[in-house]
Amino acid sequence: MTQPVIEEEAMPQGEITRLGALFSWQSILFVVLCVAGLALGINYIFGLQATGGLMLEAQYYWIFIGLFGAASFVALPAFKGQKNVPWYDLVAGGAIMVISFWFSTHAWDMVQSGWVSVPFGILIYLLMLELARRSGGIPFLVVVIVLGLYPLIADRLPGIMMGIPYSFDRMIEYHVFNTEGLMGVTTKVVAEIILGFLVFAGVLLATGAGDFFIDLANAGFGKYRGGPAKVSIVASGFFGSLSGSIFSNIAGTGSITIPTMKKVGYPPHYAAAIEACASTGGVVMPPVMGAIAFVMAITIGVDYATVMIAAILPSFLYYFGLMLQVDAYAAKTGMQGMSADQLPKGRDVMKRGWPYLLVMIFLTWGLLYMRWEYYAPWYACVLMFVLSFLRKDTMMTPLRIFETIRAIGVLIAQSAAIILPIAFVVSGLTITGVTGSMTSSLVQAGGDNVYLIIALGVLACFVMGMAGLAIVAYIFLAVTLAPAIIEIGGLNEIAVHFFIIYYAMLSVITPPVGAAAFLAATIAGAKPMQSSFTAMRLGVVIYFVPLFFLFEPSLVLQGDLTPLIYVLPSVIIGITILAGGLEGYLLGFGRVRTILRLPLAMAGFAFSYPGIWGTVVGGIACVVLVGLVWLDNRDSRDKAAIQSAP
């Protein structure tokens, strides 16, 4: 799928590359580095021993860091608007590659005798910080620096922030050479676990899967009222699950869906909000999801299939609420669907795109039934490569292979530049022992009151999400907040971690940051803050559903699933009524008077909350309020019938 040209000011830094034309010198250099990195990854992950024997983990990690670190310095601009690769970026790329390759030759010594080289470790540290700035911007860099340097002053801070101090040299040793830092979980996530999924996403999109999902959504939903908005939700959900990037998702599908939504009558800010919400939910929607899901699997110590299954119902509820609201807006404003001549025929779309669905089914089967874990996407890539030869326009010709490798390389370089520097955050929190003390302090501050601790957690999730990326917030809170909630409340571990993930994601659509809403607003030509506030309303489910599965783990398919018999219907009905109150139109009943909107929304929330008293009280309120809405609309229909009578 061809990515549209978007104003650079609208794009996060990490989403812009300066590779230029397909066969520009920097593009060729980038592809060469990526081919070497991918070959190395395949050799290590599948144990092919092409290098003459099995590689040590640290040896592989260092070569991977060198190759894709250099590729990142080639692809990611140092400043907005920078089109060319300056000499100093070539020097930086060469430095990170040479030093990392040299470190890889000492992998045995690192493992056996703790070999380190502090001067060159400092250089690697600084180069990683620069990649953090380019990929995540200044706010992300500040988080990495502050939490990374925390060990230097850990003993001077008061209360829960007091920890074990370290000298600068010792800190660098842990950050760069030990498993607490670069040789640990963050590099494992990029170099082993999500590598295959990034390759799979690149192969799918290069063969036209992005266009297929948009056409499929158009064929299925385009004819209904507010069709383009529903197409945006479905297409962005699929696309986001494949790419794992909110901003790539908005850029890829939003440039098509936002103008179409505006054309049928959605205001610019509303169209931007729909796209922002739909793209945000995609990164936690099965089957692929984003890197944060794999970090969660490693943190908890479960397989990826467990995380993927747990994400099914939360994703469904989120998109269900979003779909209801856009439908209500379309009904309230009298919008119609697109005409048949504007839409692709479902049969033609399926005839053209069945290989993509087959590959997705194969991937899901491999993850859930065969338990192939991170081998599954590699096998799916092979299947997609073979199936691409069934049609001329998807055939993997040498030119298309080059384009695909470049697209895959961009995904990997961006992911590596964002995730690898988080190693310094993990190391800083781990070696000082602050995670344990913070957990104890949160428990103490909450006074053994799980609701107070959860409230503190919601605030912490949101603040951390604003300060950096959701994955940073999750890693920090997974080792500090999660144990406190689990200890006091005796709550399900997976439910607690999903609770943290969902609340950490809020900042991308919530003011004052709202980066996803702001990007979509730029594409739509709308006011950023207005778009962000609208996204808050449309994405309201993400604000309270995490609380639901926190106290009812059956909603993440954990524990006893019997409660789903009554909990799931009440949640679905509650969300329906809530959406009707927020949008002013209740599905099946009609318009909602302004004075009834807030009470109806509150009643829907109470009814959907998984607790007997909330359900009972909310249910009674819902019956009364829905009855009033029905009476209002019956009177309107009667008046209309009288006026039209002869």
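Let me begin by describing the structure that accompanies this report. (Residues numbered from 1 in each chain as written. Predicted model: local features only at pLDDT ≥ 70, side-chain atom pairs only at ≥ 80, totals over all residues. Heavy atoms only, no water.)

### Considerations on the overall build of the protein chain
Line of reasoning, step 1. For the protein chain, the helix and strand inventory stands at 29 helices and two strands.
Line of reasoning, step 2. Expected size for 646 residues packed as a compact globule is a radius of gyration near 26 Å; at 25 Å, the protein chain falls within 12% of this value.
Line of reasoning, step 3. Projected onto the principal axes, the alpha-carbon positions of the protein chain cover approximately 95 × 65 × 45 Å.
Line of reasoning, step 4. Considering the protein chain as a whole, with its 646 residues, one finds that 58% of them fall into the buried category.
Line of reasoning, step 5. Within the protein chain, contacts between residues at least 6 apart in sequence are counted, and of these 75% link residues at least 24 apart.
Line of reasoning, step 6. When the accessible area of the protein chain is evaluated, it comes to approximately 25,100 Å², of which 68% is carbon and sulfur surface.
Line of reasoning, step 7. Distance between charge centres in the protein chain, computed from 31 positive and 32 negative side chains, equals 13 Å. (Helix = DSSP H or I, 4+ residues; strand = E, 2+ residues; numbered from the N terminus. Rg over C-alpha atoms; globule rule 2.2 N^0.38 Å. Buried < 20%, exposed > 50% of the residue type's maximum accessible area, 1.4 Å probe, protein only. Contact = heavy atoms within 4.5 Å. Areas by Shrake-Rupley, 256 points an atom, 1.4 Å probe, with all protein chains shown as cover. Lys, Arg positive; Asp, Glu negative; His and termini not counted. Charge placed at Lys NZ, Arg CZ, Asp CG, Glu CD.)

### Notes on the nonpolar core
Line of reasoning, step 1. W62, L182, F200 and Y266 are the most contacted members of the largest nonpolar core, which has 204 residues in total.
Line of reasoning, step 2. Excluding residues that lie within four positions of it along the chain, F200 makes contacts with L242, V288, V359, M360, L363, P377, A380 and C381.
Line of reasoning, step 3. Ranked by size, the runner-up nonpolar core spans 11 residues in total, among them L596, C622, V626 and V629. (Core = buried A, V, L, I, M, F, W, Y, C linked by side-chain atoms within 4.5 Å.)

### Section: unusual backbone geometry
Line of reasoning, step 1. Even without being glycine, R371 reaches a positive phi, approximately 55°.
Line of reasoning, step 2. The topology assignment puts R371 in the loop between α16 (346–368) and α17 (376–387).
Line of reasoning, step 3. The phi torsion at L557 lies on the positive side, around 55°, for a residue other than glycine.
Line of reasoning, step 4. Mapped onto the fold, L557 is located in the loop between α26 (541–551) and α27 (564–583).

### Here we look at the packing of helix α7 (residues 185–193) against helix α8 (residues 195–206)
Line of reasoning, step 1. Interhelical geometry of α7 versus α8 gives an angle of 45° and a closest axis separation of 5 Å. Here α7 lies oblique to α8, going by the angle between them. Between α7 and α8, the residues in contact are V189, V190, A191, E192 and I193 and L195, G196 and F197, respectively.
Line of reasoning, step 2. Looking at the contact of α7 with α8, its residues break down into six nonpolar, one polar and one charged. (Axes fitted to C-alpha atoms, helices over the stretch in contact; angles between N-to-C directions. Parallel < 35°, antiparallel > 145°, perpendicular 65-115°, else oblique. Nonpolar A, V, L, I, M, F, W, Y, C, P; charged D, E, K, R; others polar.)

From the geometry alone we can't say anything about function, so treat these as descriptive.
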